[in-house]
Structure formats: C-alpha cells, structure tokens
Amino acid sequence: MNVQKITNGLVIDHIRAGTGIRIFNWLKLDKVPFSVALIMNVPSLNRGKKDIIKISTVLDIDYSILGFIDPSITVNVVEDEHVVRKIGLALPEKVENIIKCRNPRCITSTETNIPHVFTLIDRKRAEYACIYCDEMYRAGIGEFL
Ligand code: CTP
Ligand code: ZN
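Thresholds, definitions, all that
- Residues numbered from 1 in each chain as written.
- Chains lettered and ligands numbered in written order.
- Predicted model: local features only at pLDDT ≥ 70, side-chain atom pairs only at ≥ 80, totals over all residues.
- Heavy atoms only, no water.
- Near = heavy atom within 4 Å.
- Polar contact = N/O pair within 3.5 Å; in protein donor to acceptor, adjacent residues only side chain to side chain.
- Helix = DSSP H or I, 4+ residues; strand = E, 2+ residues; numbered from the N terminus.
- Nonpolar A, V, L, I, M, F, W, Y, C, P; charged D, E, K, R; others polar.
- Pairing = 2+ DSSP bridges.
- Axes fitted to C-alpha atoms, helices over the stretch in contact; angles between N-to-C directions.
- Phe/Tyr/Trp six-rings, centres within 6.5 Å; stacked < 30°, edge-to-face > 60°.
- Buried < 20%, exposed > 50% of the residue type's maximum accessible area, 1.4 Å probe, protein only.

Asks: Tell me about the site of ligand 1, and name the residues and values.
Replies: Ligand 1 sits among Lys5, Ile6, Val11, Asp13, His14, Lys54, Asn76, Val78, Glu81, Val83 and Lys86. Taking isoleucine 6, its main chain carries an N or O atom lying 2.7 Å from a nitrogen atom of ligand 1. At 2.9 Å, a side-chain N or O of histidine 14 approaches an oxygen atom of ligand 1. Going through the elements one at a time, β1 (9-16), β4 (74-79) and β5 (82-88) are the ones with two or more residues in the shell around ligand 1. Taken together, the residues that form the shell around ligand 1 break down as four nonpolar, two polar and five charged.

So, in structure tokens, the structure goes:
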C-alpha cells in the first residue's frame, strides 16, 4: 500500500504490527486538527510486518514512554519532504508512573501518592523491577496503554 510522503512532520516507523493503533490512541491522534495516517501491516524487510504512523506536524512526544512501548521504533523528522533526523528509540533506564506494581504488599499498593518507579534490570529480556519491592515487569506487552 502506498501512502503519500509528508512535507513536514513525523513518521513513526518500524512499529511492531498491532501496536500502531495503541500508539495512535495514546497520542490522541483521533482528536487532532492536522492530517495523520495510521498504516497497518506493511511488509517489512526484517520483521515480517510493521505499522507506521505519519503525522503532518512536529508533535512533542515523550520518547522515553514511546521507547518503553516499543524500542524498535524509529522516529523520522521530516522537513521540506526530507528526513532530516532519525531518532532511534530504546528501552528507558527508568519509568515513572507508567506501569503499576502488582505486588499487593508493595508500598505503592498500600500507600497513596507514592510514584510507581521501575528500573531496567535486563535490556535483552526487557525486564524491569519495582524499586521498592523488586517485583518484575516485562516490557513490550503494552497492556498499560
Ligand atoms: N517518509 C515520508 N515522507 C517523507 C519522507 C519519508 O512519509 N517526505 C517516510 C517513508 O515513507 C518511510 C520513513 O519516512 O516510511 C523513513 O523514510 P526513509 O528514511 O527515506 O526510509 P528508509 O531509508 O527505508 O528508513 P529506515 O532505514 O529507517 O527503514
Ligand atoms: Zn513494588
């Protein structure tokens, strides 16, 4: 499928197939006044299928959260029809208030107003641990979206 090139804006590329719509909703792109495109199940050389989101304006995105959702994403910044910057994403070292600790005995479960903080403990396995109780969380399932 061919989707027009954009003149200025962002192309969020190499999104794991199936995750594009969740990112689209997370960025609230259904509510914006500018042109956006969600392209799903595009054949990809290295991973079978991928999703792509094209946004016709340079939106301010939290790249740390986007990297947590899918570290294989590349964000292309387009100016005057040319890709002027490619931002490779990665799993962030720390995530705050994105996922919640599931341990009922964790201080974040028993007390309110304590930030939910996880740190990356194994990048290859995408494993995070709660800083208070060490409860494990595996990234890349995106159920918090
Ligand atoms: N793109 C776009 N509008 C432009 C320029 C690029 O929509 N004016 C899109 C392309 O369709 C592609 C992405 O931005 O989906 C990245 O473009 P480019 O860097 O030219 O492609 P590749 O070299 O294939 O990128 P990569 O190596 O990251 O896969
Ligand atoms: Zn915990």
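Asks: Got a sec to walk through the sheet that holds strand β8 (residues 127-130)? Specific residues and values, please.
Replies: Adjacent strands of a sheet form backbone hydrogen bonds with each other and so pair up, either parallel or antiparallel. Spatial strand order, β6-β7-β8-β9: four strands in an open sheet with antiparallel pairing. Two strands close off the open sheet at either side, each with one partner strand: β6 (94-96) and β9 (136-138). Put simply, the sheet's adjacent strands are angled 30° from each other on average, direction ignored. With four bridges joining them, strand β7 (residues 117-122) and β8 adopt antiparallel strand pairing. Across the sheet, aspartate 122 pairs through a bridge with glutamate 127, a residue of β8.

Asks: Talk me through the packing of aromatic side chains; I want residue IDs and the actual numbers.
Replies: In this description, an aromatic ring pair is defined by two values, namely the gap between the centres and the angle between the planes. In the structure shown here, the tally under the stated rule is three aromatic pairs. Relative to tyrosine 137, the ring of phenylalanine 68 lies with its centre 6.2 Å away and its plane at 25°, an arrangement referred to as stacked. Placement of phenylalanine 68 in helix α2 (residues 63-69) and of tyrosine 137 in strand β9 is noted, with a sequence separation of 69 residues between them. Neither residue differs from the other here; phenylalanine 68 and tyrosine 137 are each classed as buried. A ring pair is formed by phenylalanine 118 and tyrosine 137, whose centres lie 6.2 Å apart and whose planes are at 65°; its orientation type is edge-to-face. You can see phenylalanine 118 sitting in strand β7 and its partner tyrosine 137 sitting in strand β9, a full 19 residues away along the chain. Considered together, phenylalanine 118 and tyrosine 137 belong to a single accessibility category, that of buried residues. Chaining the aromatic ring pairs together yields one cluster made of Phe68, Phe118, Tyr128 and Tyr137.

On their own, these measurements won't tell you what the molecule is for.
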